[in-house]
Amino acid sequence: RIDWVSAGEPWLFQRALTLFGMYIRSGDVAWLRHAHRAAQFYGAHLGADGTFDLAAGDLKYAYGSALFLDLMLTGDTRHLPRIAAVARAGAGWGETYTARTGFWTERHQTYALLAALVAWEATGEAGHATRARTIVAETARQAREPVSGWAPEGCVLHTQDAHEGDGVTDPICSPWMSALLAEAMFRAYVHSQDRETLEFLAGLADFVRTTGSASDGGGLSPYYLVSSHRRDEPDIEHACDVDGLVA
């Protein structure tokens with residue numbers, strides 16, 4: 001029903017990795033078959049620049065995790081240069097947000113970190129580890145020391161204009177994109193055991209609890225974009241993602 005062969009959007013949020021998750025949770029080999037075929041399709045459609053050719057040049061579609069998992073389960077080493085290509089794509093992302101930065105989101109920070117981290121897990125090359133540590137450290141620092149003199153709130157504050165391109169210069173964060181970032185930061189923590197990373201994750205959870213969510217009449221929902229300066233509409237669709245961050 002979904003045109004995953006010629007349309008890019010069905011591959012957003014790591015389609016192949018989602019299918020692997022179904023196999024891991026169910027043990028049903030049918031899902032393993034679906035996941036393996038999806039990983040093979042995705043790998044075959046990675047361009048030389050490390051991005052998916054159905055969404056060429058877009059870091060939101062540049063993933064190495066499913067390729068690494070497929071390699072571990074099948075031994076298909078053709079994925080190694082693909083994982084390295086994804087890391088090169090992630091290397092082009094500026095991990096430090098400044099007052100002069102144009103476009104910036106937590107989602108892109110996430111995939112830049114995962115690109116380097118997965119490449120290190122797959123290859124052991126020190127350069128990938130260095131890149132991952134740099135992004136982790138900068139992410140945590142920016143939560144502690146927001147730009148433009150803004151008071152820390154626990155998330156990585158940036159302007160709504162940087163996030164949405166709408167000209168609004170109030171500082172905001174995205175709880176659901178922060179949930180993606182939290183998962184990547186925790187994956188890095190598993191390797192580093194760095195206390196600063198845990199403190200960053202705790203700060204994100206506190207931000208959601210105190211500022212980033214509110215009653216929607218039937219329970220609690222996160223906001224789509226939020227800070228102490230500005231609140232967007234409730235974001236029921238991403239509530240489970242943000243719940244995962246808090247958990």
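In short, a report on the structure. Everything quoted here is computed from the prediction, not taken from an experiment.

### Quick look at empty space enclosed by the protein
Enumeration according to the criterion identifies two cavities of 30 Å³ or more in this entry. The computed volume of the largest cavity comes to approximately 50 Å³. If you trace the largest cavity, you find it lined by Trp11, Gln14, Arg15, Ala16, Leu17, Tyr42, Tyr63, Ser65, Ala66 and Leu67. Put simply, the parts of the chain that give the lining of the largest cavity at least two residues each are helix H1 (15-26) and helix H3 (65-74). Approximately 40 Å³ is the volume found for the second largest cavity. Taken together, Gln14, Ala62, Tyr63, Gly64, Ser65, Val86, Tyr111, Leu114, Ala115 and Val118 make up the full set of residues lining the second largest cavity. If one sorts the elements of the lining of the second largest cavity by residue count, helix H5 (residues 106-123) sits on top with four residues.

### A few points about the packing of aromatic side chains
Following the criterion strictly, the structure yields 13 aromatic pairs and no others. Measuring from ring centre to ring centre gives 5.9 Å for tyrosine 42 and tyrosine 63, while their planes differ by 20°; the resulting arrangement is stacked. Highlighted residues: tyrosine 42 in helix H2 (residues 29-44) and tyrosine 63 in the loop between H2 and H3, separated in sequence by 21 residues. Of the two residues, tyrosine 42 and tyrosine 63, both sit in the buried class.

### Notes on the nonpolar core
Counting 68 residues, the largest nonpolar core has Trp11, Tyr42, Leu59, Leu113, Met185, Phe200 and Leu245 as the members making the most contacts within it. Sequence-distant contacts of leucine 245, defined by excluding residues within four places in its chain, comprise Pro175, Ser178, Ala179, Ala182, Leu204, Ala205 and Val208.

### As for the layout of surface pockets
Taken as a whole, the largest pocket spans an internal volume of roughly 950 Å³. Taken together, 34 residues line the largest pocket, and the ones lying closest to its centre are Gln14, Leu17, Arg25, Leu180 and Glu183. Put simply, the parts of the chain that give the lining of the largest pocket at least two residues each are H1, H3, H5, helix H8 (175-192), helix H9 (195-210) and helix H10 (239-246). Ranked by residue count, the leading element in the lining of the largest pocket is H8, at eight residues. Tallied by class, residues from the lining of the largest pocket come to 22 nonpolar, seven polar and five charged. Approximately 200 Å³ is the volume attributed to the second largest pocket.

### What to know about the state of the cysteines
Summed over the entire model, instances satisfying the criterion amount to one disulfide. Across the disulfide, cysteine 155 is cross-linked to cysteine 173 (sulfur-sulfur distance 2.0 Å). Since a negative S-S torsion denotes a left-handed disulfide, the cysteine 155-cysteine 173 link at about 80° is right-handed. Residue cysteine 155 is located in the loop between helix H6 (126-144) and strand S1 (158-159), and its partner cysteine 173 is located in the loop between strand S2 (171-172) and H8; the two are separated by 18 residues in the primary sequence. For the residue pair cysteine 155 and cysteine 173, the accessibility class agrees, reading buried in each case.

### Some points on the side chain of glutamate 153
Following the sequence through the fold, glutamate 153 ends up in the loop between H6 and S1. The buried charged residue glutamate 153 lacks any salt bridge partner; its closest oppositely charged side chain belongs to arginine 231, at an N-O distance of 7.2 Å. Among the polar contacts made by the side chain of glutamate 153, one reaches the side chain of serine 228 at a distance of 2.5 Å. Those residues in contact with glutamate 153 that sit more than four places away from it in its chain are Gly203, Phe207, Thr211, Ser227, Ser228 and His229.

Calculation criteria
- Residues numbered from 1 in each chain as written.
- Predicted model: local features only at pLDDT ≥ 70, side-chain atom pairs only at ≥ 80, totals over all residues.
- Heavy atoms only, no water.
- 1 Å grid on protein atoms, 1.4 Å probe; cavity = no way out; pocket = protein on both sides within 12 Å on 5 of 7 lines; lining within 4 Å.
- Points joined across faces, edges and corners; volume = space filled by probe spheres on them.
- Helix = DSSP H or I, 4+ residues; strand = E, 2+ residues; numbered from the N terminus.
- Phe/Tyr/Trp six-rings, centres within 6.5 Å; stacked < 30°, edge-to-face > 60°.
- Buried < 20%, exposed > 50% of the residue type's maximum accessible area, 1.4 Å probe, protein only.
- Core = buried A, V, L, I, M, F, W, Y, C linked by side-chain atoms within 4.5 Å.
- Contact = heavy atoms within 4.5 Å.
- Nonpolar A, V, L, I, M, F, W, Y, C, P; charged D, E, K, R; others polar.
- Disulfide = S-S within 2.5 Å.
- Lys, Arg positive; Asp, Glu negative; His and termini not counted.
- Salt bridge = Lys/Arg side-chain N within 4 Å of Asp/Glu carboxyl O.
- Polar contact = N/O pair within 3.5 Å; in protein donor to acceptor, adjacent residues only side chain to side chain.

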